[in-house]
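Close look at the chain arrangement
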Amino acid sequence: MRREMFLFITALLFTAGNLTAAYLCGNNVHGYWHPSVAAAVATVLTAVILPFCIKCSRLTFLLFPLLGATGYLCMETMRPDVRGSLLRDGRSVDIQGIITDGGRSSSGNPFLEVAVGNENTIIYNVPDNVPWMPGDSAHATVRCSRVSNFSEDFDYQGYMGDRGIFYTCFCGKYSTINVITNASYPLRVLPARLRWKFSAAVDAALPSEGMAQTRAVVKALAYGYQDEIPADIEESFRQSGAIHLLALSGMHLGLLYGLLLKLLAFTGNSPAARRVRSIIIILALWAFTIFTGCGVSILRAAVMFSIYEAGALAGRRRNGLNALSLSAIIITVADPAAPSRISFQLSYAAMTAIFLIFPYLRGIVTVRNKALGKIADACAMTIACQATTAPIIMLHFGTFAFFSLLANLLCTPIVSIAMLLIPAVLIIQDTANTILGLPGRLLELAIELFIRINATISSL
């Protein structure tokens, strides 16, 4: 356990150094250092520090925060700048690019995300009669304006800048937009294209007007698309403390991981079978992660499960805490801005609670009945996660969901059942047939119950 805690503290200090640099420097660093200078400083520091880290473990605790901060400084100096943007403010600006994604804004109007050169922009208020798919070309004459902050509480300009978006566009009365279907498209838009086809498949499998809420929640559970969820329903989930169940998280990947283990159990337990099983699981988990858009929570789970299974491939003992610590370091190195995002903080805070707090809480009460034991496990896990995530939620939002324990106990089993029903509904789309249409009706009942429970709890 000592070695696991050493790696955990190292990862904690590494991300702490990153967060400290983000808080102290923010975007102010950008423009003051030349990227080559920052990269050279990072390289020299790493070359000088690592030998000492190997010889003296205590020195590692002092030096890893510096390494984490250096990574953030390098990212700040190398990020794209608005001065290199191809767009400009104007009432009639011509833009041309590749559609990378799209959806509906909070007002219910369609929008398109378009790659213009090396940057992105979003075209809002796109007419409903404009057909499109990710990978198509868009040529539009629209009103363009610089992204600006609309609230002192949130750095919207910085958030959009992290996505490479410095200007947004709007279709008005005299705007024009033409979409051209491309036979070939960049590989990077393939996940968005698959999500678009999945959304169309959900609409075809649940076609009636009365299933609109079901379709919206199914898309949120399957790949994190929440644009179609009505604002009142989303608010009820937020007040009940179950909003995380609508967002893609490690729970979704955990369900897939458990399902794959059961489906591949027939391969046996020989060393060769275990290796093949681990390879198939890793590939399947990453395929799903890429399909969903690589959100921080699900990316953390993918890296963690990959490390977990890689240990089995190498013939070593699996260790969840080691996998968690290594995944935090890997994600922070790959994306130094990740620890500053609330999804990263909540995800790792919850997983830390599961590994370090949950075992002690569960050991307080001894339950012999299997059913009661599962309820006790769920209660202990929820309480443990609340202990670490509640301070973060209070810090960011100033709120706390007092009935989140009840909401999670009631809704988590329903979500698990719904996740298992979704593939069946998509495979069997003949809802007119009594037998074949059963999965669709069961899914609709599960989603309806899911929504009603959260609406009731949020009103308490």
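The structure under discussion appears in the preceding block.
Worth saying up front: this structure is predicted, and the values here are computed from it rather than measured.

The rules behind each value
Residues numbered from 1 in each chain as written. Predicted model: local features only at pLDDT ≥ 70, side-chain atom pairs only at ≥ 80, totals over all residues. Heavy atoms only, no water. Axes fitted to C-alpha atoms, helices over the stretch in contact; angles between N-to-C directions. Helix = DSSP H or I, 4+ residues; strand = E, 2+ residues; numbered from the N terminus. Parallel < 35°, antiparallel > 145°, perpendicular 65-115°, else oblique. Left-handed = near helix turned anticlockwise from the far one by under 90°. Contact = heavy atoms within 4.5 Å. Nonpolar A, V, L, I, M, F, W, Y, C, P; charged D, E, K, R; others polar. Phe/Tyr/Trp six-rings, centres within 6.5 Å; stacked < 30°, edge-to-face > 60°. Buried < 20%, exposed > 50% of the residue type's maximum accessible area, 1.4 Å probe, protein only. Pairing = 2+ DSSP bridges. Salt bridge = Lys/Arg side-chain N within 4 Å of Asp/Glu carboxyl O. Expected span 1.5 Å × (residues − 1). Polar contact = N/O pair within 3.5 Å; in protein donor to acceptor, adjacent residues only side chain to side chain.

Relative orientation and spacing of two packed helices are given, respectively, by the angle between their axes and the distance between those axes. Viewed as axis vectors pointing N to C, helix H14 (residues 370-397) and helix H15 (residues 404-427) meet at an angle of 135 degrees, and their least axial separation amounts to 10 Å. The orientation of H14 with respect to H15, classified from their angle, is oblique. Note that H14 runs across H15; the crossing there is right-handed. For the pair H14 and H15, contact is made by Ile375, Ala378, Cys379, Thr382, Ile383 and Gln386 and by Ser404, Leu405, Asn408 and Leu409, respectively. Its residues placed into classes, the contact of H14 with H15 shows six nonpolar, four polar and no charged.

With that settled, the discussion passes to the packing of aromatic side chains. Here the structure, examined in full by the defined rule, presents 10 aromatic pairs. Ring centres of Phe111 and Tyr124 lie 5.9 Å apart, and the angle between their planes is 45 degrees; on these two criteria the pair is classed as tilted. One end of the pair, Phe111, is in strand S2 (residues 110-116); the other, Tyr124, is in strand S3 (residues 119-124), and 13 residues separate them in sequence. The exposure class assigned to Phe111 is buried, which follows from its relative accessible area of 15%. An aromatic cluster is present here, built from Phe198, Tyr223, Tyr225, Phe288 and Phe291 joined pairwise through their rings.

Running from N to C, helix H10 (residues 296-313) and helix H11 (residues 320-334) point in directions that differ by 125 degrees, and their axes come no closer than 8 Å. The pairing of H10 with H11 is recorded here as oblique in orientation. When you trace H10 past H11, the crossing you get is right-handed. Touching Leu299, Arg300, Val303, Met304, Ile307 and Tyr308 of H10 are Gly320, Ala323, Leu324, Leu326, Ser327, Ile330 and Ile331, all from H11. Its residues placed into classes, the contact of H10 with H11 shows 10 nonpolar, two polar and one charged.

Our focus in this paragraph is unusual backbone geometry. Generally, phi is negative for residues other than glycine and the peptide bonds are trans, each holding for most cases. Positive phi, normally seen in glycine, also occurs at Asn125, with a value near 60 degrees. Looking at the secondary structure, you find Asn125 in the loop between S3 and strand S4 (137-146).

Our next topic: the pairing of S3. Looking down a regular strand, the side chains alternate between one sheet face and the other. Most of S3 is tucked away: six of the six residues are buried. Both faces of S3 are covered, namely the face carrying Glu119, Thr121 and Ile123 and the face carrying Asn120, Ile122 and Tyr124. Taking the residues that link successive antiparallel strands as the turn, the S2-S3 hairpin has two residues, and the phi of Gly117 there is positive, at about 65 degrees. As defined by bridge partners, S3 adjoins strand S5 (residues 165-170) across four bridges and the pair is classed as parallel. What sits directly across from Asn120, in S5, is Ile165.

As a further point, take the pattern of salt bridges. Working definition: two side chains of opposite charge can pair if their charged atoms are close together. Evaluation of the coordinates by the stated rule reveals 10 salt bridges. The salt bridge involving Asp203 is made with Lys219; its shortest N-O contact spans 2.9 Å. Here Lys219 lies in helix H6 (residues 212-223) and Asp203 lies in helix H5 (residues 190-205), a separation of 16 residues in the sequence. Where salt bridges share partners, they join Asp203, Arg215, Lys219 and Glu228 into one cluster.

Bringing H14 into the picture now. In a regular helix each residue adds 1.5 Å, so 28 residues correspond to 40 Å; H14 covers 38 Å between its end C-alpha atoms and thus fits that length. What H14 keeps buried is the set Gly373, Ala380, Thr382, Ala384, Cys385, Thr388, Thr389, Ala390 and Ile392. Gly398 lies just past H14 and shows a positive phi near 70 degrees.

Now for the environment of Glu228. Along the chain, Glu228 turns up in the loop between H6 and helix H7 (231-240). For Glu228, a relative accessible area of 32% translates into the label partly exposed. For the pair formed by Glu228 and Arg215, sequence separation is 13 residues and the distance between their alpha carbons is 8.4 Å. If near-sequence neighbours (up to four positions away) are discounted, Glu228 is found in contact with Ala216 and Lys219. Within the structure, Glu228 has its side chain in polar contact with the side chain of Lys219 (distance 3.0 Å).

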